[in-house]
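Single-letter residue listing:
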Amino acid sequence: MTTAWPNHAIRRATNADITAIRAVLYAVRAEYGVLSELGANDPELDDLEASFFRDGGHFEVIEDATGRIVGCAGLYPLGAQRAELCKMYIERSARGQGMGKRLLENLLAAARRNGFQEVWLETNSMLTEAITLYTRYGFVPVEPELLLPRCDQAFLLRFE
């Protein structure tokens, strides 16, 4: 399903989008100063369709009116019961229009639809807008065993 705003649309991602997705990740991570040694070369993006769309995962992108990808978010399966919300980044030009909220709602709906009992996420405390959104949707802080190098917080949402 494609969701549209006057100048933007959200749609399911494909492998053809990988380069543009990496550009969004790099731009937003650089803006907030949370680039790791990988930059935006996250290995699970080497084959997005195999990594995310197996076992109930999902990935969506936001396109502007010219077709340029300006945002993204993924639901990565970690097991039969748990998925990870990841790669949720929106370029500054597309923020403040409710698209992050819609991406999150779409991915949480996909998680429920595909039988996941909980959604995990790791983030950086610099991403205050995202953290506010996550907590508004019921994510609670948890103590992780291990975090990605660019992350310093973890959250979990359990479905009732």
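Whatever comes next refers back to the structure up there.
A few points on the structure. Here the residue numbering is sequential within each chain, running from 1 through the sequence in written order. Only residues with pLDDT of at least 70 are given local features in this predicted model, and only at 80 or more are side-chain atom pairs given and counted; all residues enter the totals for whole chains, interfaces and linings. Calculated side-chain values reflect all of the structure's heavy atoms, with hydrogen atoms and water omitted.

## Here we look at the nonpolar core
Generally speaking, nonpolar side chains in soluble globular proteins are found buried as a group.
1) Next: Judged by nonpolar contacts, the single largest core of 27 residues is most densely connected at L75, L85, M88, L104, V119 and F139.
2) Next: Counting from the N terminus, the helices are the DSSP runs of H or I reaching at least four residues and the strands are the DSSP runs of E reaching at least two. Taken together, the elements giving at least two residues each to this core come down to β4 (69-77), β5 (82-90), α3 (99-113), β6 (118-123), α4 (128-136) and β8 (153-158).
3) Next: No other element matches α3, which puts 7 residues into this core.
4) Next: Joining through side-chain atoms within 4.5 Å is the link that ties buried Ala, Val, Leu, Ile, Met, Phe, Trp, Tyr and Cys residues into a set, and such a set is a nonpolar core. Note on classification: 1.4 Å probe, protein chains only; a residue is buried when its accessible area is under 20% of the maximum for its type, exposed when over 50%, partly exposed between these limits. Counting residues in each nonpolar core, the second largest holds 19 residues, with I18, F59, I69 and Y89 among its members.

## Focus on the environment of K101
1) Next: For K101, the position within the fold is in helix α3.
2) Next: The partly exposed category is assigned to K101, whose relative accessible area is 42%.
3) Next: Considered as a pair, K101 and A50 are 51 residues apart in the sequence and their alpha carbons are 26 Å apart.

## Focus: the pattern of salt bridges
1) Next: We count a salt bridge whenever a side-chain nitrogen from Lys or Arg sits within 4 Å of a carboxyl oxygen from Asp or Glu. Tallied over the entire structure, the rule returns 14 salt bridges.
2) Next: We note a salt bridge from R95 to E31, for which the minimum N-O separation is 2.7 Å. Of this pair, R95 sits in the loop between β5 and α3 while E31 sits in helix α1 (residues 18-32), and the two are 64 residues apart along the sequence.
3) Next: Its salt-bridge partner being E44, residue K87 comes within 2.4 Å of it at the nearest N-O pair. Taken together, the residues K87 in strand β5 and E44 in the loop between α1 and α2 (48-52) connect sequence positions 43 residues apart.
4) Next: A residue is classified by how much of its surface remains accessible, and K87, at 7% relative accessible area, is buried.

## Notes on the environment of L121
1) Next: Within the secondary structure, L121 sits in strand β6.
2) Next: Should any heavy atoms of two residues lie within 4.5 Å, those residues are considered in contact. With residues up to four places along the chain from it excluded, the contact list for L121 reads L85, Y134, F139, Q153, A154 and F155.

## Let's talk about α3
1) Next: One fewer than the residue count of a helix, multiplied by 1.5 Å, yields its expected span. Between the first and last C-alpha of α3 there are 21 Å, a value that for 15 residues agrees with the 21 Å anticipated at 1.5 Å per step.
2) Next: M99, G100, L103, L104, N106, L107, L108, A110 and A111 are the residues of α3 that are buried.
3) Next: Positive backbone phi, at 85°, marks G115, one or two positions downstream of α3.

## Regarding the pairing of strand β3 (residues 58-64)
1) Next: The element β3 is extensively covered by neighbouring structure, given that 7 of its 7 residues are classed as buried.
2) Next: Should DSSP find at least two bridges between two strands, the strands are taken to pair. Pairing analysis gives 5 bridges linking strand β2 (residues 8-12) to β3, with the strands arranged antiparallel. Directly across from I10, in β3, lies its bridge partner I62.
3) Next: Pairing of β3 with β4, which is carried by 6 bridges, proceeds in the antiparallel orientation. Each residue of the ladder has a partner; that of F59, found in β4, is G74.
4) Next: In sequence, β3 turns back onto β4 through a hairpin of 4 residues, with G67 there showing a positive phi of about 90°.

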